[in-house]
Amino acid sequence: MKKTFFLAASLASTILLADSVKLEGTIAQVYDNNKTLLIDSVYGGQIAIKVLPNTEIEMDDCGIFGTDKDGTFKDLKVGDFLESKIFYGMPITPNTPAIPVARKIEIQCYKKAY
């Protein structure tokens with residue numbers, strides 16, 4: 001029984017990790033009411049991503065003397081460049097697009113070109 005549970009848990013975690021995609025872009029909109037971000041992707045187009053309470057948010061070069069620090073949803077601002085690992089879940093109802101969920105978000109605080 002324990003072997004079957006462990007095997008099923010391992011397989012499920014492998015499938016979830018396989019769906020992870022890297023997204024890079026600039027934050028175009030921050031929707032605080034439903035904790036989503038609209039991203040202008042470097043790959044072209046815009047994409048909305050959902051931020052969960054357990055999403056890891058890292059702020060690179062944002063602390064004192066350029067140190068890294070942990071962030072929260074409130075630290076995400078329009079115009080910030082981010083790199084995010086997102087995954088696509090199953091839609092709740094058929095024929096509706098699923099909003100990808102962010103596992104990890106890294107924002108860059110270094111000086112911008114313009």
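Going by the structure above, here's the rest.
I will try to describe carefully the structure that is included in this document. (Residues numbered from 1 in each chain as written. Predicted model: local features only at pLDDT ≥ 70, side-chain atom pairs only at ≥ 80, totals over all residues. Heavy atoms only, no water.)

1. Focus: the overall build of the protein chain
A count of helices and strands for the protein chain gives 1 helix and 6 strands. In the protein chain, the succession of α and β elements from N to C terminus is α-β-β-β-β-β-β. Counting the 114 residues in the protein chain, one finds 29% classified as buried. Nonlocal contacts in the protein chain, meaning residues at least 24 apart in sequence, comprise 54% of its contacts between residues at least 6 apart. (Helix = DSSP H or I, 4+ residues; strand = E, 2+ residues; numbered from the N terminus. Buried < 20%, exposed > 50% of the residue type's maximum accessible area, 1.4 Å probe, protein only. Contact = heavy atoms within 4.5 Å.)

2. Concerning the packing of aromatic side chains
Considering all chains together, one arrives at 0 aromatic pairs under this definition. The ring of Phe87 is capped by Arg103, whose NZ or CZ atom sits 4.6 Å from the centre of that ring. (Phe/Tyr/Trp six-rings, centres within 6.5 Å; stacked < 30°, edge-to-face > 60°. Lys NZ or Arg CZ within 6 Å of the ring centre and 35° of its normal.)

3. Quick notes on the pattern of salt bridges
Where charged atoms of side chains with opposite charge meet at close range, the side chains can pair. For the structure on display, the rule yields 4 salt bridges. Where Lys22 meets Glu24, a salt bridge forms, and the shortest distance between an N and an O atom there is 3.7 Å. Looking at Glu24, the relative accessible area reads 17%, which means it is buried. Salt bridges sharing common partners tie together Glu58, Lys104 and Glu106. (Salt bridge = Lys/Arg side-chain N within 4 Å of Asp/Glu carboxyl O.)

4. Overview of the pairing of strand β3 (residues 46-60)
Pairing of strand β2 (residues 36-41) with β3 involves 5 bridges; the strand directions are antiparallel. Within the sheet, the bridge partner assigned to Asp40 lies in β3 and is Gln46. The antiparallel hairpin formed by β2 and β3 contains 4 residues in its connecting segment, where Gly44 sits at a positive phi of about 105°. The pairing of β3 with strand β6 (residues 101-108) spans 7 bridges and is classified as parallel. Paired with Lys50 across the strands is Val101, a residue of β6. Pairing geometry for β3 and strand β4 (residues 69-70), over 2 bridges, is antiparallel. The residue of β4 that forms the bridge with Glu58 is Asp70. (Pairing = 2+ DSSP bridges.)

5. Comments concerning unusual backbone geometry
Of note, the phi angle at Lys35 is positive, near 50°, even though the residue is not glycine. Checked against the element boundaries, Lys35 lands in the loop between β1 (20-31) and β2. The class for Lys35 is partly exposed, based on a relative accessible area of 33%.

6. Focus on the nonpolar core
In terms of nonpolar packing, the biggest core is built from 16 residues, with Leu37, Ile39, Ile49, Leu76, Leu82 and Ile105 touching the most fellow members. For this core, the element with the most residues is β3, which contributes 4 residues. The contact partners of Leu76, leaving out residues within four places of it in the chain, are Ile27, Val30, Leu37, Ile57, Ile105 and Ile107. (Core = buried A, V, L, I, M, F, W, Y, C linked by side-chain atoms within 4.5 Å.)

7. Describing the side chain of Asp80
With respect to the helices and strands, Asp80 occurs in the loop between β4 and β5 (81-87). Residues within four places of Asp80 in sequence aside, it is in contact with Gly25, Thr26, Ile27, Asp75, Ile107 and Lys112.

8. Some words on the pairing of β6
Of all 8 residues in β6, 6 are buried; the element is thus mostly enclosed. Strand direction decides the pairing type here: β5 and β6, joined by 7 bridges, are antiparallel. For Glu83, the partnering residue across the bridge sits in β6 and is Glu106.

Read these as geometric descriptors, not functional statements.
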